[in-house]
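Read off the chains here:
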Amino acid sequence: MALKRGLSSAGVQRNRASGSRFPVAILIFFSLLVPLIFFVGRGLHISDQNDILSSPGAKNVDWRERLALQHVSLFSKEVIDVIAANTNDMGPLSLDIFRKNNLSASWKVIGEKTSITDKINFTAVDARQETPKVKVDVSSGDHAQLVDPAKLARRQLREKRREKRANELVQRDDESIVKLENAAIERSKSVDSSVLGKYSIWRKENENENSDSTVRLIRDQIIMARVYLSIAKMKNKLDLFQQLQTRLKESQRSVGDVTADADLSQSAPEKIKAMGQVLSKAREQLYDCNLVTGKLRAMLQTADEQVRSLKKQSTFLSQLAAKTIPNGIHCLSMRLTIDYYLLSPEKRKFPRSENLENPNLYHYALFSDNVLAASVVVNSTVTNAKDPSKHVFHLVTDKLNFGAMNMWFLLNPPGKATIHVENVDEFKWLNSSYCPVLRQLESAAMKNYYFKADHPTTLSSGASNLKYRNPKYLSMLNHLRFYLPQVYPKLDKILFLDDDIVVQKDLTGLWAVDLHGKVNGAVETCGESFHRFDKYLNFSNPHIARNFDPNACGWAYGMNMFDLKEWKKKDITGIYHKWQNMNEDRTLWKLGTLPPGLITFYGLTHPLQKSWHVLGLGYNPSLDRSEIDNAAVVHYNGNMKPWLELAMTKYRGFWTKYIKYDHPYIRSCKLSE
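I will try to describe carefully the structure that is included in this document. Predicted model only: the values in this text are computed from it and were never measured. (Residues numbered from 1 in each chain as written. Predicted model: local features only at pLDDT ≥ 70, side-chain atom pairs only at ≥ 80, totals over all residues. Heavy atoms only, no water.)

### What about the sheet that holds strand β13 (residues 633–635)?
- Spatially, the 3 strands line up as an open sheet ordered β8-β13-β12, and their pairing is mixed. Whereas interior strands pair on both sides, the edge strands pair on one side only; in this sheet they are β8 (501–503) and β12 (613–614). (Pairing = 2+ DSSP bridges. Helix = DSSP H or I, 4+ residues; strand = E, 2+ residues; numbered from the N terminus.)

### Description of the packing of helix α6 (residues 213–234) against helix α8 (residues 268–286)
- Two elements in contact, α6 and α8, have axes whose closest approach is 10 Å; the angle formed by their N-to-C orientations is 35°. By crossing handedness, the relation of α6 to α8 is classed as left-handed. Of α8, the residues touching α6 (which contributes T214, L217, I218, Q221, M224, A225, Y228, I231 and A232) are A268, I272, M275, G276, L279, A282, R283 and L286.
- In terms of residue class, the contact of α6 with α8 is made up of 13 nonpolar, 3 polar and 1 charged. (Axes fitted to C-alpha atoms, helices over the stretch in contact; angles between N-to-C directions. Left-handed = near helix turned anticlockwise from the far one by under 90°. Contact = heavy atoms within 4.5 Å. Nonpolar A, V, L, I, M, F, W, Y, C, P; charged D, E, K, R; others polar.)

### A few points about the pairing of strand β10 (residues 559–563)
- For β10, the buried fraction is high: 5 of the 5 residues fall into the buried class.
- Burial of the side chains of β10 extends over both faces: M559, M561 and D563 are buried on one face and N560 and F562 on the other.
- Sheet analysis places strand β7 (residues 493–497) next to β10, joined by 5 bridges and oriented antiparallel. Residue pairing for β10: I494 is matched across the bridge by F562.
- Where strand β9 (residues 520–522) meets β10, 2 bridges bridge the pair, whose relative direction is antiparallel. Counterpart to N520 in the pairing with β10 is F562. (Buried < 20%, exposed > 50% of the residue type's maximum accessible area, 1.4 Å probe, protein only.)

### Topic: the side chain of Q504
- Structurally, Q504 can be placed in the loop between β8 and β9.
- Of the residues examined, Q504 reaches a relative accessible area of 18% and is grouped as buried.
- A distance of 2.8 Å separates a polar side-chain atom of Q504 from the backbone oxygen of I628.
- Among the polar contacts made by the side chain of Q504, one reaches the main-chain carbonyl oxygen of A631 at a distance of 3.0 Å. (Polar contact = N/O pair within 3.5 Å; in protein donor to acceptor, adjacent residues only side chain to side chain.)

### Looking at helix α12 (residues 402–411)
- The element α12 is extensively covered by neighbouring structure, given that 8 of its 10 residues are classed as buried.
- All of the buried residues in α12 are F402, G403, A404, M405, N406, M407, W408 and F409.
- Where α12 is buried, its residues contact α10 (327–341), α11 (371–383), β5 (391–397), β6 (418–423) and α25 (664–668).

### Here's the deal with the packing of aromatic side chains
- The tally for this structure, following the rule as stated, stands at 23 aromatic pairs.
- Both rings, one in F427 and one in W429, keep their centres 5.8 Å apart while their planes meet at 15°; by these two values the pair is stacked.
- On the basis of relative accessibility, which here comes to 11%, the residue F427 falls in the buried class.
- The exposure class of W429 is partly exposed, given its relative accessible area of 30%.
- Arranged with centres 4.9 Å apart and planes meeting at 80°, the rings of F548 and Y602 form a pair that is edge-to-face. With F548 in the loop between α19 (542–547) and β10 and Y602 in the loop between α22 (594–600) and β11 (605–607), the pair connects residues that are 54 residues apart, well separated along the chain. (Phe/Tyr/Trp six-rings, centres within 6.5 Å; stacked < 30°, edge-to-face > 60°.)

### Concerning the state of the cysteines
- Per the stated rule, a full pass over the model turns up 2 disulfides.
- Across a sulfur-sulfur distance of 2.2 Å, C331 and C669 are joined as a disulfide pair. One quick way to see it: the torsion about the S-S bond of C331 and C669 is about -75°, and its sign makes the bridge left-handed. Separated by 338 residues along the polypeptide, C331 in helix α10 and C669 in the segment after α25 bring together distant segments of the chain.
- Note on cysteine connectivity: C526 is disulfide-linked to C553, with sulfurs 1.9 Å apart. Residues C526 and C553 share a disulfide whose torsion about the S-S bond is about -90°; that sign makes it left-handed. In this pair, C526 sits in the loop between β9 and α18 (533–536) while C553 sits in the loop between α19 and β10, placing the two residues 27 residues apart along the sequence.
- Look at C526 and you get buried, because its relative accessible area is 18%. (Disulfide = S-S within 2.5 Å.)

### Let's talk about the pairing of β7
- Of all the 5 residues making up β7, 4 are buried; the element is thus mostly covered by neighbouring parts of the structure.
- In terms of strand pairing, strand β4 (residues 362–367) meets β7 through 3 bridges, oriented parallel. Following the sheet pairing, A365 is matched in β7 by F496.

### What about the pattern of salt bridges?
- In the structure shown here, the tally under the stated rule is 9 salt bridges.
- Of the charged contacts, one joins E357 and K490 as a salt bridge, the two residues approaching to 3.3 Å between their closest N and O atoms. Taken together, the positions of E357 in the loop between α10 and β4 and K490 in the loop between α17 (484–487) and β7 put the pair 133 residues apart, joining distant regions of the chain.
- Take E357: its relative accessible area is 47%, and that puts it in the partly exposed class.
- Overlapping salt bridges, with partners in common, bring together E566, K569 and K570 in one network. (Salt bridge = Lys/Arg side-chain N within 4 Å of Asp/Glu carboxyl O.)

Set out below in structure tokens:
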């Protein structure tokens, strides 16, 4: 029984063993068969896809579709739709899009919140291989996807283009900023910073190369100390008032008239510090926006009134300086006069007197009481003349300078040119019964105007009228230009020159200019509006308004070609007398010779080319240098005459080059460049 049980148990075990082998065999069979079927099916499927892609219409299939077809077994339909809808040609596919859509779990990022692009590692494979593949490991999971190398290359190319474009934009931006800054700098240079006050923030930086910040700081502290001083007194803060007053006096003594930091005393920094402490204390106790603003506005208004007053005084003094004769020229005139009257009468005569009435020569009229200025006019004309022997100079001066003018040209004859000097006081025909100006100057009203009534009590109040109280208006030398045919009855043409001009070229061409029947040849000055008739004449007067155009172009005295034949035919002197008589009460124009000249020669003036006569060297600092160099005559009209200390240095050389500073008389009178 025991043996049966053993046999039976052994049989059972054999049956069990034989029964368990069958499922294992089936499992092994299917494990081998399934992969084989998968790879065969996979190959057939890929070959079908390749046939589709290699067909003639495959060229038109979008690269996204090809990629989707290649991986259709790996991606679901919703993934393919997302790829087709959200991929942009201008950039790579953004994986953030997948996070926002309801995709399969295989696309979800699990773990730390780190950027998925930081965890993508690209392994580049040679794109020329027949079956190129790039394995991309996403995050730390086991999921992997195969990416086409062509797509990877396009993505890298787009990134390079984007980086290059960004660099170009940055560079362009930098270049644009530099251009804008340079343009702003150029515009700032053209701004005329005419704000009054040296310490204005709008002042030109090139006015003073040194910033002198310490001086400006002290002056700013002084201004604020004055403001708080006034407020402290108003609020009865006596202790603070005393401190401010003490520091204010110290700062004023420290800065004085100093304009540069280098001139400040060594104690200046300590005083700045002490003043700053007091101002800080005053600000804490006294600062009130309305009060401070009001005080500063009042101080500004007071300063503006002071500037206006000083400007009037400056105008007065500059006009006064322009009407006076420097000591050196006065000395020269006195020395020459003494030596002239020591000469015997035989030695006082000029040669070539037969040329004085020869109408075939080139005649000049020069009326002046300034010996040095007259010498420059004659010397510059002769120096630049092609044939000096054909030039004749007619000089007229007053009794005071008659001897000096003669003596100078006797000692310094103008080469082969002819010269003659006359005394205006010896013209007996020029009297008050014939000349309206002389009659008016002798009248009680004119004497009262000049010597008694309306005399200014201060410099500033007299500035506006000083111009019309010029002594030259009392001299007939200034009005003699209206009597040229009477002074030179045998001449046909004459060139009138002022004594503040310099001749730079030969002037004989002026005698060949056709004046077209006009009397006066002159350069017009109506380039600016203030050089028209309404600037000089009173058009509120009916006589002026009826006869003249307010916009008519003005012209310049200083170099004028006069046709004396036409002068006599049109009775120019008679026209001048008529208007001068009408202006006895000075209601038509102020005193002077240009307004009556504009009236007298109205419609009778022929315009000359501007290159013959350039004006403004006595008042305009911004003349074009090329115009000056090309001009036949340059004119120092204005207050800044070249023989005065207030002359503009940049123009003075055109005048001084014709003075012999080594001359004994000039050296003895200490005249220098």
